[in-house]
Amino acid sequence: MSAIKAMQDRVRDAHATPLPAAATTPEPARRTDPPLPTYASVDAMIAELKPTEPVFCFLPDEMKAAARRFRGLPGRVLYAVKCNPHPFALRTLFEAGIRDFDVASLEEVKLIDSLFGKAAGQFFNNPAKSRPAIRAASRDFGIRFYTVDCAAEVDKILDETRGGDDLIIAVRLATHSRDARYALSTKFGASPAEAAELLQRIDRRGVKAGISFHVGSQCLSPDAFGAALDLSGKVARKAGVALSVMNVGGGFPAPYPGDDPAPLERYFAEVIYGHRKLGLSSSCMLMCEPGRSLVASAGRVVAQVTVRRDRTLFINDGVFGALQELGHPKERRPVRLVRADGAATTTTRTAEFRIYGPTCDSNDVLGAPFVLPDDVREGDWLEIGLMGAYSLSMRTHFNGFFLDRVVSIEG
Ligand SMILES: Cc1ncc(COP(=O)(O)O)c(C=O)c1O
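Worth saying up front: this structure is predicted, and the values here are computed from it rather than measured.

## Details of the overall build of the protein chain
Move 1: When helices and strands are tallied, the protein chain shows 11 helices and 19 strands.
Move 2: Against the compact-globule benchmark of 22 Å for 411 residues, the protein chain has a radius of gyration of 22 Å, which places it among compact chains.
Move 3: Taking the principal axes of its C-alpha atoms as reference, the protein chain extends roughly 70 × 45 × 40 Å.
Move 4: Of the contacts formed within the protein chain by residues at least 6 apart in sequence, a portion of 74% connects residues at least 24 apart.
Move 5: Counting every atom, the protein chain has about 17,500 Å² of accessible surface; 51% of that belongs to carbon and sulfur.
Move 6: For the protein chain, the distance from the average position of its 52 positive side-chain charges to the average position of its 49 negative side-chain charges is 4 Å.

## Examining the UniProt feature "modified residue: N6-(pyridoxal phosphate)lysine" (unreviewed entry) in the protein chain
Move 1: UniProt annotation of "modified residue: N6-(pyridoxal phosphate)lysine" (unreviewed entry) refers to Lys82 when read in the numbering used here.
Move 2: Structurally, the position occupied by lysine 82 is in the loop between strand S3 (76-80) and helix H4 (87-95).
Move 3: Setting aside residues up to four positions removed in sequence, lysine 82 forms contacts with Asp102, Ala104, Glu108, Tyr390 and Ser393.

## Some words on the UniProt feature "domain: Orn/DAP/Arg decarboxylase 2 N-terminal" (unreviewed entry) in the protein chain
Move 1: What UniProt calls "domain: Orn/DAP/Arg decarboxylase 2 N-terminal" (unreviewed entry) maps, in this numbering, to residues 63-296.
Move 2: Counted over residues 63-296, helix gives 41% and strand 17%. Its end C-alpha atoms are 8 Å apart.

## A short note on the site of the ligand
Move 1: Near the ligand there are 14 residues, and of these His214, Ser217, Glu289, Gly291 and Tyr390 occur at the shortest range.
Move 2: In this structure, aspartate 102 approaches the ligand through a side-chain N or O atom, which is 3.2 Å from a nitrogen atom.
Move 3: Within the side chain of histidine 214, one N or O atom sits 2.9 Å away from an oxygen atom of the ligand.
Move 4: Taken by itself the ligand offers 400 Å² of open surface, and the protein chains cover 92% of this.
Move 5: The cavity that encloses the ligand is the largest pocket.
Move 6: Classifying every residue of the shell around the ligand gives 4 nonpolar, 5 polar and 5 charged.

## Looking at the domain arrangement of the protein chain
Move 1: Taken domain by domain, the protein chain comprises domain 1 (61-295) and domain 2 (297-409).
Move 2: With centres defined by C-alpha atoms, the gap from domain 1 to domain 2 works out at 33 Å.
Move 3: Listed per partner, the contact involves 16 residues of domain 1 and 19 residues of domain 2.
Move 4: For the pair domain 1 and domain 2, the two sides together bury roughly 1,600 Å², of which 56% comes from carbon and sulfur.
Move 5: One can count 2 salt bridges joining domain 1 with domain 2.
Move 6: Across the pair glutamate 331 and arginine 181 runs a salt bridge, and its minimum N-O distance is 3.3 Å.
Move 7: Inspection of the region where domain 1 meets domain 2 yields 9 residue pairs in polar contact (both at pLDDT 80 or more).
Move 8: If you list the elements that add at least two residues to the side of domain 1 that touches domain 2, you get helix H3 (60-69), strand S8 (180-182) and helix H11 (292-295).
Move 9: A per-class count over the side of domain 1 that touches domain 2 returns 9 nonpolar, 3 polar and 4 charged.

## Structural notes on the packing of H4 against helix H5 (residues 106-116)
Move 1: At a closest axis distance of 11 Å, the pairing of H4 and H5 adopts a crossing angle of 55°. By the angle between their axes, H4 is oblique relative to H5. Crossing angle aside, the handedness with which H4 passes H5 is right-handed. Residues Pro87, Leu90, Arg91 and Phe94 of H4 form the contact with H5, whose own contacting residues are Leu111, Ile112, Leu115 and Phe116.
Move 2: Within the contact of H4 with H5, the residues separate by chemical class into 7 nonpolar, no polar and 1 charged.

## Side note on the packing of helix H7 (residues 151-161) against helix H8 (residues 192-204)
Any two packed helices are characterised by the angle at which their axes cross and by the distance between the axes.
Move 1: At a minimum axis distance of 10 Å, the contact between H7 and H8 shows a crossing angle of 20°. It follows that H7 is roughly parallel to H8 by the angle criterion. Between H7 and H8 the crossing geometry is right-handed. The residues of H8 that touch H7, namely those facing Ala151, Val154 and Asp155, are Leu198, Arg201 and Ile202.
Move 2: Along the lines of polarity and charge, the residues of the contact of H7 with H8 split into 4 nonpolar, no polar and 2 charged.

## What about helix H6 (residues 131-139)?
Move 1: Of the residues making up H6, those classed as buried are Ala133, Ile134, Ala136, Ala137 and Ser138.
Move 2: For H6, the N-terminal capping position is held by serine 130, with its side-chain oxygen 3.1 Å away from the main-chain nitrogen of alanine 133.

## What about empty space enclosed by the protein?
Move 1: The final tally for this structure, using the stated rule, is 1 cavity of 30 Å³ or more.
Move 2: For the largest cavity, the calculated volume is near 30 Å³.

## Brief notes about H7
Since the α-helix turns once every 3.6 residues, residues separated by three or four places project in the same direction.
Move 1: Residues of H7 that are buried include every one of Glu153, Val154, Lys156, Ile157, Leu158, Glu160 and Thr161, and no others.
Move 2: Just past H7, the residue arginine 162 takes up positive phi, approximately 65°.

## Side note on the side chain of threonine 359
Move 1: Counting through the fold element by element, threonine 359 comes out in the loop between strand S16 (350-356) and strand S17 (370-373).
Move 2: Side chain to side chain, threonine 359 and aspartate 364 meet in a polar contact 2.7 Å long.
Move 3: Beyond its immediate stretch of four places on either side in the chain, threonine 359 contacts Phe320, Asp364, Phe398, Asn399 and Phe401.

## Thoughts on the environment of valine 319
Move 1: With respect to the helices and strands, valine 319 occurs in the loop between strand S14 (312-315) and strand S15 (335-338).
Move 2: Counting along the chain gives 38 residues from valine 319 to glycine 357, while the straight-line C-alpha distance between them is 6.7 Å.

The rules behind the values
Residues numbered from 1 in each chain as written. Predicted model: local features only at pLDDT ≥ 70, side-chain atom pairs only at ≥ 80, totals over all residues. Heavy atoms only, no water. Helix = DSSP H or I, 4+ residues; strand = E, 2+ residues; numbered from the N terminus. Rg over C-alpha atoms; globule rule 2.2 N^0.38 Å. Contact = heavy atoms within 4.5 Å. Areas by Shrake-Rupley, 256 points an atom, 1.4 Å probe, with all protein chains shown as cover. Lys, Arg positive; Asp, Glu negative; His and termini not counted. Charge placed at Lys NZ, Arg CZ, Asp CG, Glu CD. UniProt positions renumbered as here; feature names shortened; annotations may be inferred. Near = heavy atom within 4 Å. Polar contact = N/O pair within 3.5 Å; in protein donor to acceptor, adjacent residues only side chain to side chain. 1 Å grid on protein atoms, 1.4 Å probe; cavity = no way out; pocket = protein on both sides within 12 Å on 5 of 7 lines; lining within 4 Å. Sits in = over half its atoms within 2 Å of the grid points. Nonpolar A, V, L, I, M, F, W, Y, C, P; charged D, E, K, R; others polar. Domains from an automatic or database assignment. Buried area = accessible area lost by both parts, 1.4 Å probe. Salt bridge = Lys/Arg side-chain N within 4 Å of Asp/Glu carboxyl O. Axes fitted to C-alpha atoms, helices over the stretch in contact; angles between N-to-C directions. Parallel < 35°, antiparallel > 145°, perpendicular 65-115°, else oblique. Left-handed = near helix turned anticlockwise from the far one by under 90°. Buried < 20%, exposed > 50% of the residue type's maximum accessible area, 1.4 Å probe, protein only. Points joined across faces, edges and corners; volume = space filled by probe spheres on them.

Next comes the structure, spelled out in structure tokens:
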């Protein structure tokens with residue numbers, strides 16, 4: 001491990017250099033939010049509220065632990081705001097040392113700015129942005145880091161930001177996503193040949209160039225990062241452009257049942273060795289932008305059973321709410337039944353239940369069955385774990401249902 005440690009120290013030193021300064025306008029007042037209601041445990045919350053609407057529970061200690069774990073990855077750790085943009089999550093991560101954010105829209109830019117002002121770094125990494133969004137990000141918020149995957153986007157960014165040698169443009173490279181639950185290179189990402197041309201185009205305009213990739217979300221193979229780094233090296237050599245940034249994206253997995261991913265440290269080691277093999281200059285900034293792995297363990301959804309029909313349950317949250325990801329048949333989560341007033345279930349037998357959400361749409365069904373005590377009944381609550389990622393951010397108001405009760409569990 002000492003080789004890894006030495007490498008970590010070397011890369012960390014290289015990243016001590018701050019990013020280009022943000023906007024020069026005076027700092028506006030920061031946003032304030034009332035504190036979340038806090039309970040010692042999920043059971044205590046249920047006992048007190050007896051909630052008849054779904055409740056999202058944050059576990060801030062889990063988020064802080066995940067942020068600490070990412071200190072094992074040298075370079076800059078950006079949090080992907082889209083994964084869970086609740087101000088409580090953003091503030092908790094900020095307090096835990098995550099000071100940089102991957103933003104995908106002007107609304108996310110404004111959110112981060114309203115919470116942290118210039119104390120946060122913002123990286124506008126959605127490869128397809130509108131002109132007004134780029135203009136406002138550059139002019140009003142001082143953002144100097146953008147990602148592209150085509151020539152039109154390079155030109156648009158140069159037009160709208162007026163370029164400059166403090167501007168950094170990263171080229172998103174398509175990589176294979178076969179080891180990931182959610183492919184993220186079908187919509188975005190240049191081919192190796194296109195990426196090399198884009199690097200040259202950026203370099204010719206006197207702007208710093210970099211490479212970014214995303215191996216896909218919930219990536220179950222650490223090797224995918226090594227392969228993507230190898231490909232990045234080939235592209236940079238073909239372009240003959242010195243990289244200012246190497247962004248290995250997100251994709252670090254959450255420990256969902258059935259997925260049993262390798263420990264995060266295996267992924268970090270793959271990034272460290274893959275990056276070292278590239279032999280990049282020490283001024284090239286290594287960065288990553290995890291979402292899921294920072295927040296998945298830090299969220300639980302408590303939903304109530306509204307109807308039992310044989311081995312089918314209807315509950316008050318579903319795929320149009322915070323359980324959106326559970327529509328996928330491979331998505332599993334730990335689940336626990338909680339009965340009113342702490343009453344015990346009357347059986348040790350379990351059975352598989354098909355779970356429907358509350359809306360009238362037949363697609364509002366969870367893809368995998370839940371194994372629950374056989375006597376589950378109307379009024380019971382289901383505590384669904386590992387729900388911190390892509391849950392609150394995916395809620396809709398469809399059919400008038402909307403999860404809007406959020407609490408913190410600080411035992
Ligand atoms: C550009 C970008 N970066 C980072 C992430 C976060 O990925 P993950 O949650 O898999 O870590 C995403 C997810 O969609 C993304 O699109």
